[in-house]
Amino acid sequence: MDWAALGVPEWLADRAERLGFLFPTEVQRRSTPVILSGADTVIASETGSGKTAACLVPALSRLDYPPALFPDDLEGPQLLLLVPSFELGVQACLLLFKLWGGNISSRTPGDPANMFSYTGPAGIKVRGVLNDEEVQMAVAGRYLQGVHALVATPDMALALLTLPDSPLSFQDLRVIAVDEMDALLDAYPASFGQLMDAAVHRHTPSSSSSGSSAGGPAAATAGGAADGDQPDT
């Protein structure tokens, strides 16, 4: 069974295969239909089994792209991916970049994943907020404008979100994904909870929240993901 047979859009299924994810692994086959349904999902599997792709490929399938939604019309990212470390964040940014048509030259003639083979939506951006420098970049300019996916550690995302006139909004958030949940909870026990509450209810931590998370963004943990009218968790 290939990615398209699992319900992934043809352009994304083709891209995943060109990047080397030729046939979904067991964890990918089992998790993809659940995430595509919009249900909150927890993925637990051995290292090297493909948990990150099991989360991100179906998560990207849940987002809106042109002409349904253009980057200039976005009010914040549609996908929030939380990671426990700078290093994991960089890896996730690179994978998202490549799934959305970006190419890092392999210096191999005829590379099947080159940018010219990509058939998906154009102009889709991923950004990281993984250190103080990236927080300042977000505050100073257009760093987060028109961004479909934000990869962040909980402390950096919370620091940015709680600034006066913060450029970070969760109004268009569709999917919340958490990579390496155990490590993330150990590293950020307080800021993770505050940020998840703000993301699910689409408010800043300094404001009050009301209502339930039903209809919010969907969520996936430990290499999983989720989605909804509000982000699900």
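Refer to the structure above for everything that follows.
Each chain has its residues counted from 1, running along the sequence as written. Selection of residues for local features in this predicted model requires a pLDDT of at least 70, selection of side-chain atom pairs for listing and counting requires 80 or more, and totals for whole chains, interfaces and linings are taken over all residues. For side-chain calculations, the full set of non-hydrogen atoms in the structure is used, while hydrogens and water are omitted.

Structural notes on the packing of helix 3 (residues 51–61) against helix 4 (residues 86–99)
We count it as follows: What counts as an axis is a line fitted to C-alpha atoms, over the stretch in contact for a helix, and the angles between N-to-C directions run from 0 to 180 degrees. Note on conventions: DSSP H or I runs of at least 4 residues are helices, E runs of at least 2 residues are strands, and numbering of each starts at the N terminus. Small angles under 35 degrees read as roughly parallel and large ones over 145 as roughly antiparallel, with 65 to 115 read as roughly perpendicular and the rest as oblique. Handedness of each helix crossing follows the sense of rotation of the near helix against the far helix: counterclockwise by less than a right angle gives left-handed, clockwise gives right-handed. By the convention used here, residues are in contact when the closest approach between their heavy atoms is within 4.5 Å. Residues are sorted three ways: Asp, Glu, Lys and Arg are charged, Ala, Val, Leu, Ile, Met, Phe, Trp, Tyr, Cys and Pro are nonpolar, and all the rest, Gly among them, are polar.
Taken N-terminus to C-terminus, the directions of helix 3 and helix 4 make an angle of 45°; their axes are 11 Å apart at the nearest point. The orientation of helix 3 relative to helix 4 falls into the category oblique. As helix 3 packs across helix 4, the resulting crossing turns out to be right-handed. Contact residues: helix 3 offers Thr52, Leu56, Val57 and Leu60, while helix 4 offers Leu95, Leu96 and Leu99. A breakdown of the residues in the contact of helix 3 with helix 4 according to their chemical character gives six nonpolar, one polar and no charged.

Quick look at helix 1 (residues 10–18)
The condition is simple: Throughout this description, buried means an accessible area under 20% of the type-specific maximum (1.4 Å probe, protein chains only), exposed means over 50%, and partly exposed covers the range between.
All of the buried residues along helix 1 are Trp11, Leu12, Ala13, Arg15 and Ala16. Positioned one or two residues after helix 1, glycine 20 has a phi angle of 110°, which is positive.

Remarks on the pairing of strand 5 (residues 175–178)
Our working definition: Here, strands pair whenever DSSP counts at least two bridges between them.
Here strand 5 shows no split at all, with Val175 and Ala177 on one side and Ile176 and Val178 on the other all buried. Relative to strand 5, strand 2 (residues 79–82) is paired through four bridges, and the arrangement is parallel. Across the sheet, leucine 82 pairs through a bridge with valine 178, a residue of strand 5.

As for the pattern of salt bridges
Heads up, the condition is: In what follows, salt bridge is the name for a side-chain nitrogen of Lys or Arg lying within 4 Å of a carboxyl oxygen of Asp or Glu.
All told, the structure shown has three salt bridges when counted by the stated rule. Note that aspartate 14 and arginine 18 form a salt bridge whose closest N and O atoms lie 2.9 Å from each other. Here arginine 18 and aspartate 14 lie together in helix 1, a separation of four residues that amounts to about one turn. We classify aspartate 14 as partly exposed; its relative accessible area is 25%.

Details of the packing of aromatic side chains
As a reminder, the rule being used: Side-chain rings of Phe, Tyr and Trp, where Trp is taken by its six-membered ring, are said to pair if the distance between their centres is within 6.5 Å; with planes under 30 degrees apart they count as stacked, over 60 as edge-to-face, and otherwise as tilted.
Scanning the model with the defined rule gives three aromatic pairs in all. Ring geometry for tryptophan 11 against tyrosine 118: centres 6.0 Å apart, planes inclined by 90°, an arrangement best described as edge-to-face. Of this pair, tryptophan 11 sits in helix 1 while tyrosine 118 sits in the loop between helix 4 and strand 3 (126–129); the two residues are 107 residues apart in sequence, bridging distant segments of the chain. Owing to a relative accessible area of 16%, tryptophan 11 belongs among the buried residues under this scheme. Between tyrosine 65 and tryptophan 100 the ring centres are 6.5 Å apart and the planes differ by 75°, which places this aromatic pair in the edge-to-face class. Taken together, the residues span a long stretch of sequence, with tyrosine 65 in the loop between helix 3 and strand 2 and tryptophan 100 in the loop between helix 4 and strand 3 at a distance of 35 residues. Take tyrosine 65 and tryptophan 100: they sit in the same class, and that class is buried. Here a set of aromatic residues connected by ring pairs shows up, and it is made of Trp11, Tyr65, Trp100 and Tyr118.

Notes on the pairing of strand 3
Basically, it comes down to this: Here a crossover is taken to be right-handed if, once the strands point away from the viewer, the path from the first strand over the helix to the second is traced clockwise.
The pairing of strand 3 with strand 4 (residues 149–152) spans four bridges and is parallel. Within strand 4, the residue paired with valine 126 across the bridge is alanine 149. Between strand 3 and its parallel partner strand 4, the chain crosses via helix 5 (residues 132–140), and the hand of that crossover is right-handed.

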